[in-house]
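Observations on chain architecture
Read off the chains here:
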Amino acid sequence: MRRSRNLIVTVAALGILGGSVLVAKGLLADGGSGGSGAGALTGAFQNEPTASPTPTGPSPEELAAIERAKRVKALDTALKKYAAGKPEFSVAVFDRKTGETYAYRGDEKYETASVVKVQVLGCLLLTAQDAGRKLTSSEKALADKMIRYSDNDATTSLYNKVGKISGLSACNKRLGLTQTKVSGSWGLTRTTVKDQVKLLDRFVDEESELTEASREYAHKLMSTVAPDQDWGVPAAAQKGEDATVKNGWLQRSTESNLWIINTVGQITDDDTDVSIAVLSHTNATMPAGQSLVEKVAKMTRTHLKY
């Protein structure tokens, strides 16, 4: 009797289990269609939607590169359009925030006129550093006249002091200039905008051979030029930004008395840290050349959005 009772319990359990399968079949079957319970249950799970892999778009770095390429292309187009019928010019911008250099006709060589005075200042500072001393009061007086007032006699004195062609060339090499050839007539030194923004960066880079004291001194001079020389790069600065500048101008007898007009400098604040160089020649007048280099500097800001 005990065995028969166990058999009854087992059958009852199977009936209950079978009922649960039928319930599952009823709940999961598509529209109550026929078929075995196992088949309907399996089909139900097969028809459930599966999650798609999360799409992986461009990285922030890739997006930034794409955006920069668009800005560079737009600036190239704008400068080419502006250059039509204008005196020859080149421009470069080095952005310390991004580490990127933009250059339009960046390898073309121009005579420096007075922007070479920044090179002379850098070499003077390196020469004093090498000797383990500060600038003398006489050297400071000459440097002040050379940078703030673009005094030519002061420049000649310092050019001679740093060793003329050989001395300045050696300093240029230490400062990273590879496309600049020094002339015995210092204002006829030939350079490129790419070299000029490299030079400007040496005056702010903590890893430069120029010490912090030397860099601060150069900034003091280049940010306090005489009012009549405060043009060029500063025209691209916005209110509240710090701007440094050294300009060069020379009416060139070898170019039908047309004008070389150059400007180099930096614009900085919390969000902006750029070095800019614009070199030009064959300008009809000095004011026309000033307008050209300022227009070009402003165009780089409009399109590169630094």
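Above: the structure in question.
Read on for a plain summary of the structure. Just so it is clear, the model here is predicted, and its values are computed rather than measured.

Concerning the side chain of Glu-139
By secondary structure assignment, the location of Glu-139 is in helix 5 (residues 137-148). Ignoring any residue separated from it by four or fewer positions in sequence, one finds Glu-139 in contact with Leu-124, Arg-133, Lys-134 and Lys-161.

A word on the state of the cysteines
The full count for this structure, using the stated rule, is one disulfide. Shown here is the disulfide that connects Cys-123 with Cys-171, its sulfur atoms set 2.1 Å apart. What sets the handedness of the Cys-123 and Cys-171 disulfide is the S-S torsion sign, and at about 55° it is right-handed. Taken together, the residues Cys-123 in helix 4 (residues 116-130) and Cys-171 in helix 7 (residues 164-174) connect sequence positions 48 residues apart. Like Cys-171, Cys-123 is buried.

Digging into the packing of aromatic side chains
The geometry of two aromatic rings is summed up by the distance between their centres and the angle between their planes. One pass over the full model with this rule turns up three aromatic pairs. Taking 6.1 Å as the distance between ring centres and 55° as the angle between the ring planes, the aromatic pair formed by Tyr-82 and Phe-89 counts as tilted. There is no split in this pair, since Tyr-82 and Phe-89 are both buried. Clustering of aromatic rings is evident, with ring pairs tying together Tyr-82, Phe-89 and Tyr-104. Looking at Lys-86, its charged tip hangs above the ring of Tyr-82, at a distance of 4.6 Å from the centre.

Looking at the pattern of salt bridges
Under the criterion given, the structure shown has 16 salt bridges. When the shortest N-O distance is used, the salt bridge between Arg-96 and Asp-273 registers 3.6 Å. Taken together, the positions of Arg-96 in the loop between strand 1 (89-95) and strand 2 (100-104) and Asp-273 in strand 7 (residues 273-283) put the pair 177 residues apart, joining distant regions of the chain. Residue classification places Arg-96 among the partly exposed residues on the basis of a relative accessible area of 32%. Salt-bridge contacts for Asp-201 lead to Arg-202; the nearest nitrogen and oxygen are separated by 3.5 Å. Put simply, Arg-96, Asp-201, Arg-202, Asp-205 and Asp-273 are held in one network by salt bridges that share partners.

Definitions and limits used
Residues numbered from 1 in each chain as written. Predicted model: local features only at pLDDT ≥ 70, side-chain atom pairs only at ≥ 80, totals over all residues. Heavy atoms only, no water. Helix = DSSP H or I, 4+ residues; strand = E, 2+ residues; numbered from the N terminus. Contact = heavy atoms within 4.5 Å. Disulfide = S-S within 2.5 Å. Buried < 20%, exposed > 50% of the residue type's maximum accessible area, 1.4 Å probe, protein only. Phe/Tyr/Trp six-rings, centres within 6.5 Å; stacked < 30°, edge-to-face > 60°. Lys NZ or Arg CZ within 6 Å of the ring centre and 35° of its normal. Salt bridge = Lys/Arg side-chain N within 4 Å of Asp/Glu carboxyl O.

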